[in-house]
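# Report on the structure
Residues per chain, in single letters:
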Amino acid sequence: MDPTLIKLAIGGIVLLGCIGLFFGIGLALAAHKFAVKANPKVEAVLEVLAGAQ
Amino acid sequence: MARLRRITYLTLGFLLLAYLLVFSGCAGSQNRFIKKTSFRGTHSILITFAGPVDEEWATKASNYRVYEKPDPDIVLKISTIELSTNRQTVILHFEEPLNQNQPHMVTMRGIMTEGKSVGTAIVKVRKLYLGYLFSILIGAMLVQNFVFTKYLGLCVFFGTSQKRSTAVGMGVTFTIVIVASAMMSWFLYQFFLKPFHLDFLQIIVFIGLVSLSVQAVDTILRKVNPMLFKAFGVYLVLVIANCIILAVPLILADNEYNAAESLMLALGAGLGFLIALFLMSSVRERLELANVPPTYRGLPIAFVVAGLFALAFLGFSGMSIF
């Protein structure tokens, strides 16, 4: 294999991995910071319903 | 108090942006003897001098050298030169029409005024930058409306245009999300993908960014403004399934737009979609009451209406504003 291609592939994996990690952590932090308390009963009731629509 | 300060910061930011936009387009005159340069019509460039120039110098074509900024090797041929009676303005006529989207460079060798030379001048001729940005905005909004001339985003377009209120809600959500995601994808493309020669991965990265911005808006809006979140409802998630939101970053990457131009294109695409949804929903609300033949009821007549709108939008084609 051409070493420049391997370099490109590894660079791409590392770069995209870093971008993904960065935004993933960002989203997780945002979800933590902007967490909304949901009533667990809502979910339970929805579970029981037929859920066709 | 804190609110007032925030508003002050915002205003300052906007003023700075406006200042940058206005003055980034005007710089470039390197000689104090040249007052103004501009395009005139399709074939000509107008140059205004600070004082009267000698006729013998001004009407000699070999004293001028004009080229498009990206191609300094290709010198444009001047056919005739026109000097005004007060000898302060010169109009250069060219054989071929000028591509006014590119800035042009004009070199004037040894400008003679009243028998004295005031040196050589290299000046840039370009369209007013603000006008160029505005033409991108109007172009994406009307002339090349993504729904009616490129037939993109039709699934969401037909899905959410039954009621006017939902159509407007969808349009507004869409505009917000597309501006956010287009700016992010522009940044990532210019500063990460291009330097690392990974432009072939652009589609994957842009898809990820779109879903990321949708998710982020969803999470933040749920907490910050629950009323608005409820109004957006299911449409926020539907934005992911729209192809315009993927087309805009690809166009930005292809055309090598800068930040301001990208913002204008994204805004134009969003507002164009809003206009399309609004028009369509207004018609479809009336169609509910009309006596449509049974075969055409529902989606078929909506497609016919969309085709008529597309024909109407053809009227904008070939329109240029600046």
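Residues numbered from 1 in each chain as written. Chains lettered and ligands numbered in written order. Predicted model: local features only at pLDDT ≥ 70, side-chain atom pairs only at ≥ 80, totals over all residues. Heavy atoms only, no water.

## Side note on the overall build of chain A
The helix and strand inventory of chain A stands at 2 helices and 0 strands. Against the globule reference of 10 Å for 53 residues, chain A gives a C-alpha radius of gyration of 21 Å, more extended than a compact globule. Summarising its shape, the C-alpha atoms of chain A cover approximately 60 × 30 × 15 Å along the three principal directions. Looking at the 53 residues of chain A, the share that counts as buried comes to 8%. Summed over its atoms, the accessible surface of chain A is roughly 4,700 Å², and 73% of this surface lies on carbon and sulfur atoms. (Helix = DSSP H or I, 4+ residues; strand = E, 2+ residues; numbered from the N terminus. Rg over C-alpha atoms; globule rule 2.2 N^0.38 Å. Buried < 20%, exposed > 50% of the residue type's maximum accessible area, 1.4 Å probe, protein only. Areas by Shrake-Rupley, 256 points an atom, 1.4 Å probe, with all protein chains shown as cover.)

## Brief notes about the sheet that holds strand β5 (residues 89-94) of chain B
Residue and element names in this part refer to chain B. Judged by pairing direction, the sheet is antiparallel, and its 4 strands sit side by side in the order β1-β2-β5-β4 without closing on themselves. The sheet is open, and its two borders are formed by β1 (34-40) and β4 (78-83), each paired with just one other strand. Neighbouring strand axes in the sheet, compared pairwise and without regard to direction, differ in orientation by 15 degrees on average. Two elements, β1 and strand β2 (residues 44-49), share 6 bridges in a ladder whose sense is antiparallel. (Pairing = 2+ DSSP bridges. Axes fitted to C-alpha atoms, helices over the stretch in contact; angles between N-to-C directions.)

## Some thoughts on the pairing of β4(B)
Direction of pairing for β4(B) relative to β5(B): antiparallel, over a ladder of 5 bridges. Considered in β5(B), the bridge of I78(B) is made with F94(B).

## Topic: a nonpolar patch on the surface
Judged by side-chain polarity, M1(A), L5(A), I6(A), I10(A) and V14(A) come together as a nonpolar surface patch covering roughly 520 Å² of accessible area. With respect to the helices and strands, L5(A) occurs in helix α1 (residues 3-33). (Patch = residues over 30% accessible without salt bridge, like charges linked within 9 Å, V, L, I, M, F, W, Y side chains within 5 Å. Salt bridge = Lys/Arg side-chain N within 4 Å of Asp/Glu carboxyl O.)

## Quick look at the packing of helix α6 (residues 202-224) of chain B against helix α9 (residues 244-255) of chain B
All names here are of chain B. Look at α6 against α9: their axes get within 10 Å of each other, and the N-to-C directions meet at 135 degrees. In terms of orientation, α6 lies oblique with respect to α9. Crossing of α6 over α9 shows right-handed handedness. Within the contact between the two elements, α6 uses Q202, I203, F206, I207 and V210 and α9 uses I245, L246, P249, L250 and A253. Of the residues contributing to the contact of α6 with α9, the split by class is 9 nonpolar, 1 polar and no charged. (Parallel < 35°, antiparallel > 145°, perpendicular 65-115°, else oblique. Left-handed = near helix turned anticlockwise from the far one by under 90°. Contact = heavy atoms within 4.5 Å. Nonpolar A, V, L, I, M, F, W, Y, C, P; charged D, E, K, R; others polar.)

## Observations regarding the state of the cysteines
According to the stated counting rule, one finds 0 disulfides over all chains in the structure shown. With no disulfide of its own, C243(B) has C155(B) as its nearest cysteine by sulfur position, at a separation of 5.2 Å. (Disulfide = S-S within 2.5 Å.)

## Thoughts on the sheet that holds strand β6 (residues 104-108) of chain B
All names here are of chain B. Sheet architecture is open: 3 strands sit in the order β3-β6-β9, paired in antiparallel fashion. Two strands close off the open sheet at either side, each with one partner strand: β3 (64-68) and β9 (121-125). Put simply, the sheet's adjacent strands are angled 20 degrees from each other on average, direction ignored. By the bridge criterion, 5 bridges tie β3 to β6 in an arrangement that is antiparallel. Among the inter-strand pairings, R65 is bridged to a residue of β6, identified as T107.

## Remarks on the side chain of Q202(B)
Examined against the element boundaries, Q202(B) turns out to sit in helix α6. What makes Q202(B) buried here is its relative accessible area of 17%.

## Examining the packing of aromatic side chains
Residues and elements named next belong to chain B. For the structure shown, the criterion picks out 15 aromatic pairs over all chains. Taken together, the aromatic side chains of F148, F157, F158, F303, F309, F313 and F316 make up a single cluster linked through ring pairs. Directly above the aromatic system of F146 lies the positively charged group of K150, at a separation of 4.5 Å from the ring centroid. (Phe/Tyr/Trp six-rings, centres within 6.5 Å; stacked < 30°, edge-to-face > 60°. Lys NZ or Arg CZ within 6 Å of the ring centre and 35° of its normal.)

## Examining the interface of chain B and chain A
On the chain A side, the residues contacting the 18 residues of chain B number 12 residues. Summing both sides of the interface, chain B and chain A together bury roughly 1,300 Å²; the carbon and sulfur share of this comes to 92%. On the surface where chain B and chain A come into contact, there are 0 salt bridges. Counting across the chain B and chain A interface gives 0 residue pairs in polar contact (both at pLDDT 80 or more). Contributing elements (two or more residues each) for the side of chain B that touches chain A: α5 (164-193) and α6 of chain B. Sort the elements by how many residues they give to the side of chain B that touches chain A and α6(B) lands first, with 10 residues. Residues that form the side of chain B that touches chain A fall into these classes: 13 nonpolar, 3 polar and 2 charged. (Buried area = accessible area lost by both parts, 1.4 Å probe. Polar contact = N/O pair within 3.5 Å; in protein donor to acceptor, adjacent residues only side chain to side chain.)

## Details of the environment of F313(B)
Residues and elements named next belong to chain B. Summarising the element assignment, F313 is placed in helix α11 (residues 299-314). With a relative accessible area of 6%, F313 lands in the buried category. Measuring from C-alpha to C-alpha, the distance between F313 and T149 comes to 7.4 Å, with 164 residues separating the pair along the chain. Those residues in contact with F313, other than ones at most four positions away along the chain, are L142, N145, F148 and L279.

## Let's talk about the environment of S213(B)
All names here are of chain B. Relative to the helices and strands, S213 resides in helix α6. Once the C-alpha coordinates of S213 and M184 are considered, the two residues, 29 residues apart in sequence, prove to be 8.7 Å apart. If sequence neighbours within four positions are ignored, S213 has contacts with V177, S181 and M184.

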